[in-house]
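# Remarks on the overall topology
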Amino acid sequence: MAGTVWALFWEGGLSEEIRAALLGKLSPADRAQYGTFPSGGRVGARGRQFLLSRALLAFALEETLGTVPALAKAAAGQPYFPALPGCFLSLSHTEGAALLALSDAPVGADIERARPIPPRLGRDFSGTEETFWQRWTAAEAAAKREGRGAGALLPLGRRGFPEGPEARQLVLRSGFAAALAGAGEFTIRTVTAEELAK
């Protein structure tokens, strides 16, 4: 089994030229969904995350498969390709980064910007913020691999992090925690928004 992980990092906003080019890479459904995000502030950041993560997905699929097949979502929210039952993906984004894993076996990936621990997630967690986000991304990657998604992790409370298949930490960039749950070897590629816009 083999796979590839694509990582994308950015700072701040996008130029209008790059934003327009990235929009051109999205499927009509993704362009319509992007249009539902209000602009500005934190809400604008969510739209930017969506745009960049979906452009990363289109870039990776075009490069890997030569085409961008239609996506569907399972009941738990896990994306999949109805026309490609042997191709598995996991997509994650946070402010400043997106992470995509493609594999020929079930896979889960997660990335989070290190930040203060939200009380609803870590009210009983006694470690550092860095340790929390490392454990969170590993648990979320494992849940995604199993097709359960992040909702399976809530609420953590006193239960701590759930046990599950091993997820490996990915050391990609300072200030971010990332993890991958998947069998076999994975190639890691880092790309820029400018590369996606070409």
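Residues numbered from 1 in each chain as written. Predicted model: local features only at pLDDT ≥ 70, side-chain atom pairs only at ≥ 80, totals over all residues. Heavy atoms only, no water.

### Let's talk about the sheet that holds strand E7 (residues 168-170)
Backbone hydrogen bonds hold the strands of a sheet together, and the pairing may be parallel or antiparallel. One open sheet holds the three strands; their spatial order is E6-E8-E7, and the pairing between them is antiparallel. Edge positions in the sheet fall to strand E6 (107-113) and E7, since each of these pairs with one other strand and no more. Averaged over all pairs of adjacent strands, the angle between their axes in this sheet comes to 25°, without regard to strand direction. In the sheet, E6 pairs with strand E8 (residues 176-182) via seven bridges, with the strands oriented antiparallel. Each residue of the ladder has a partner; that of glycine 108, found in E8, is alanine 181. Taken strand by strand, helix H5 (residues 129-145) contacts E6, E7 and E8, and its axis lies near 150° from that of E6. (Pairing = 2+ DSSP bridges. Helix = DSSP H or I, 4+ residues; strand = E, 2+ residues; numbered from the N terminus. Axes fitted to C-alpha atoms, helices over the stretch in contact; angles between N-to-C directions. Contact = heavy atoms within 4.5 Å.)

### Side note on the packing of aromatic side chains
Evaluation of the coordinates by the stated rule reveals five aromatic pairs. Taken together, the aromatic side chains of Phe132, Trp133 and Trp136 make up a single cluster linked through ring pairs. Over the face of the ring belonging to tryptophan 133 we find arginine 115, whose NZ or CZ atom lies 4.1 Å from the ring centre. (Phe/Tyr/Trp six-rings, centres within 6.5 Å; stacked < 30°, edge-to-face > 60°. Lys NZ or Arg CZ within 6 Å of the ring centre and 35° of its normal.)

### Quick word on helix H1 (residues 16-25)
Of the residues making up H1, those classed as buried are Ile18, Leu22 and Leu23. Angular distribution of buried residues about the axis of H1 spans 135°; they occupy a single face of the element. Exposed and oriented more than 90 degrees from the buried face of H1 are Glu17 and Gly24. (Buried < 20%, exposed > 50% of the residue type's maximum accessible area, 1.4 Å probe, protein only. Arc of directions from axis to C-beta.)

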